[in-house]
Amino acid sequence: MPTVSPYSESFERVLAAGAILVNIGDIDILLEHILTEARFFTNADAGSIYTVEGDVLSFRHSQNDTMTSRGKRIPYTRFTIPKTKSSMAGYVACTGEILNIDDVRKISGEAPYSFDDSYDRISYYRTISTLTLPLINNRHAVVGILQLINAKADQREFIPFQSPMELFGKYYATLGALALERAMMTRTLLMRMVRMTEFRDPKETGPHVNRVGSYSVAIYDSWAKAHKIQDSDRTHNRDILRMAAMLHDLGKTGISDSILKKPDKLTAEERSTMENHCSIGAEVLQNCESTFDEMARDIALSHHENWDGSGYPNGLKGEEIPFMARITSIADVFDALSSKRAYKEPWTDSRVNDEMEKLFKNKFDPNLRDHFISQLEALREIKESYPEE
Ligand SMILES: [Fe+2]
Ligand SMILES: [Fe+2]
């Protein structure tokens with residue numbers, strides 16, 4: 001009778017996970033997904049993922065089951081570390097080698113890298129074993145670093161990562177690197193489109209659209225979990241929403257400077273011209289060929305519609321307004337209130353909360369109110385991680 005390898009489940013999962021990667025277009029959703037899957041098949045308690053940007057590593061995402069089970073949220077944060085051999089991630093980025101360490105506290109003093117325990121100290125966590133893998137593209141350049149922390153033998157005990165995991169990890173990291181390169185290209189193209197909008201309307205900055213994209217995903221995620229949306233659908237929707245929400249004001253490229261940059265109040269006629277940015281955006285995104293195109297078009301057209309029917313351009317009411325446009329509208333207004341604009345300072349948190357509360361009575365979908373509130377802390381962390389340049 002053929003024996004079943006203890007790793008066959010991991011192997012199958014790696015193969016299935018690789019196939020999903022090619023369908024994810026947004027870089028942030030992709031990095032989160034790569035980390036989730038890699039942790040699953042290596043049975044890692046925690047992990048982090050970085051992208052290589054010039055001579056620094058940019059920390060993009062982290063997960064930690066122990067902290068989550070203690071009721072602690074993993075902060076949404078961004079920072080960079082130098083790409084040098086003195087850190088484990090930096091060493092892997094510089095050399096392209098896999099680093100499998102059984103106990104980070106027993107790293108030889110002769111190794112060029114050492115373990116930085118500052119994260120453990122602030123989070124009361126204990127890192128023991130790590131598996132750090134390079135994401136290498138087809139031009140042999142390291143484009144990202146995947147760091148898996150504390151392989152689990154059972155719920156309590158942490159053990160070293162077994163060597164077959166290195167192999168699975170290496171294979172998965174290769175697929176991840178290809179998907180990452182494509183997602184980086186997509187993000188660059190999207191940001192170029194946003195940059196064109198920014199030339200016309202200085203409010204529509206790169207950080208603003210990134211925040212709106214991330215807020216929208218956080219609100220959707222809360223709603224999707226509460227409605228038990230299947231994981232594969234949730235990942236797909238998060239992916240395309242992250243990108244589609246960024247293009248909400250694409251139509252402003254078709255509005256003249258004399259209106260967009262007018263310091264005074266707009267006349268009624270100018271306001272109605274300005275409101276055309278929704279239809280112009282929808283026109284640019286017409287001939288929908290994919291669910292992304294369709295969602296981007298819905299959002300561009302309907303992000304100024306109001307739940308009570310008082311919005312524009314079509315005066316849609318309630319559930320007539322496409323769902324993702326209802327979400328993006330909340331994200332866009334929240335960002336406008338809480339950010340500095342040419343005509344105002346950022347509002348205080350409590351003033352923003354009061355105003356949003358009011359707007360949930362007529363402008364926003366009241367069914368999304370609790371999801372928005374449950375994500376407020378995360379939204380404020382997202383805001384910090386995309387400051388205006
Ligand atoms: Fe708009
Ligand atoms: Fe906006």
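Residues numbered from 1 in each chain as written. Chains lettered and ligands numbered in written order. Predicted model: local features only at pLDDT ≥ 70, side-chain atom pairs only at ≥ 80, totals over all residues. Heavy atoms only, no water.

### Some thoughts on the coordination of the iron ion (ligand 2)
Ideal values differ by geometry: the angle at a metal is 109.5 degrees with four tetrahedral donors, but 90 or 180 degrees with six octahedral donors. Note on the iron ion (ligand 2): its protein donors are Glu204 (OE), His208 (NE2), His248 (NE2) and Asp332 (OD). The metal-donor distances range over 2.2 to 2.6 Å. One can describe the site at the iron ion (ligand 2) as irregular: its 4 donor atoms subtend angles covering 84 to 153° at the metal. The motif formed by the donor residues of the iron ion (ligand 2), counted along the single chain, is E-x3-H-x39-H-x83-D. Taken as an interatomic distance, the gap from the iron ion (ligand 2) to the iron ion (ligand 1) is 5.4 Å. In this pair, histidine 208 is assigned in helix α7 (residues 206-226) and aspartate 332 in helix α13 (residues 323-338), connecting sequence segments 124 residues apart. Across the pair, aspartate 332 and histidine 208 agree in class, each one buried. (Donors = N, O, S within 2.8 Å, 3.2 Å for Na, K, Ca; no water. Tetrahedral: all angles 85-135°; square planar, octahedral: opposite > 155°, others 65-115°. Helix = DSSP H or I, 4+ residues; strand = E, 2+ residues; numbered from the N terminus. Buried < 20%, exposed > 50% of the residue type's maximum accessible area, 1.4 Å probe, protein only.)

### Remarks on the pattern of salt bridges
The final tally for this structure, using the stated rule, is 32 salt bridges. A salt bridge links aspartate 349 to arginine 380, with the shortest nitrogen-to-oxygen separation between them at 3.2 Å. Pair noted here: aspartate 349 is in helix α14 (residues 349-359) and arginine 380 is in helix α16 (residues 376-385), with a separation of 31 residues, a long-range link. Aspartate 349 gets classed as partly exposed once you look at its relative accessible area, which sits at 42%. Close ionic contact of glutamate 355 with lysine 358 constitutes a salt bridge, the shortest N to O distance being 3.6 Å. Of the two residues, glutamate 355 and lysine 358 are both situated in helix α14; the distance of 3 residues between them amounts to about one turn of the helix. Through salt bridges that share partners, Asp26, Asp28, Glu53, Arg60, Arg187 and Arg242 make up one connected network. (Salt bridge = Lys/Arg side-chain N within 4 Å of Asp/Glu carboxyl O.)

### Some details on the pairing of strand β1 (residues 44-53)
Counting buried positions over the 10 residues of β1 gives 9, a clear majority of the element. Bridge count between β1 and strand β6 (residues 142-152): 7 bridges; the pairing is antiparallel. Residue pairing across strands places threonine 51 opposite glycine 144, the latter belonging to β6. Pairing analysis gives 8 bridges linking β1 to strand β2 (residues 56-64), with the strands arranged antiparallel. Pairing of alanine 46 across the sheet is with asparagine 64, part of β2. (Pairing = 2+ DSSP bridges.)

### Section: the domain arrangement of the protein
As far as domains go, the protein holds domain 1 (8-183) and domain 2 (201-385). In this structure, domain 1 and domain 2 have C-alpha centres spaced 33 Å apart. Between domain 1 and domain 2, the contact holds 12 residues from the first and 12 residues from the second. Overall, the association of domain 1 and domain 2 removes approximately 1,100 Å² of surface from exposure, summing both partners, and the carbon and sulfur fraction of that is 50%. Scanning the region where domain 1 abuts domain 2 turns up 2 salt bridges. A salt bridge links arginine 242 to aspartate 28; the nearest nitrogen and oxygen atoms lie 3.3 Å apart. Linking domain 1 with domain 2 are 4 residue pairs in polar contact (both at pLDDT 80 or more), by the criterion used here. Residue composition of the side of domain 1 that touches domain 2, grouped by class: 4 nonpolar, 3 polar and 5 charged. (Domains from an automatic or database assignment. Contact = heavy atoms within 4.5 Å. Buried area = accessible area lost by both parts, 1.4 Å probe. Polar contact = N/O pair within 3.5 Å; in protein donor to acceptor, adjacent residues only side chain to side chain. Nonpolar A, V, L, I, M, F, W, Y, C, P; charged D, E, K, R; others polar.)

### Things to note about empty space enclosed by the protein
The gaps of empty space that remain are located by a probe, the size of a water molecule, rolled over the atoms. Here the structure, examined in full by the defined rule, presents 2 cavities of 30 Å³ or more. Considering the residues around the largest cavity, the lining is formed by Ser302, Glu305, Asn306, Trp307, Ile321, Ala325, Arg326, Ser329, Lys363, Phe364 and Asp365. Ranked by residue count, the leading element in the lining of the largest cavity is α13, at 3 residues. Put simply, the second largest cavity is a space of about 40 Å³. Forming the walls of the second largest cavity are Val194, Thr197, Glu204, Val209, Met246, Leu247, His248, Asp249 and Leu250. Looking at the lining of the second largest cavity residue by residue, the classes come out as 5 nonpolar, 2 polar and 2 charged. (1 Å grid on protein atoms, 1.4 Å probe; cavity = no way out; pocket = protein on both sides within 12 Å on 5 of 7 lines; lining within 4 Å. Points joined across faces, edges and corners; volume = space filled by probe spheres on them.)

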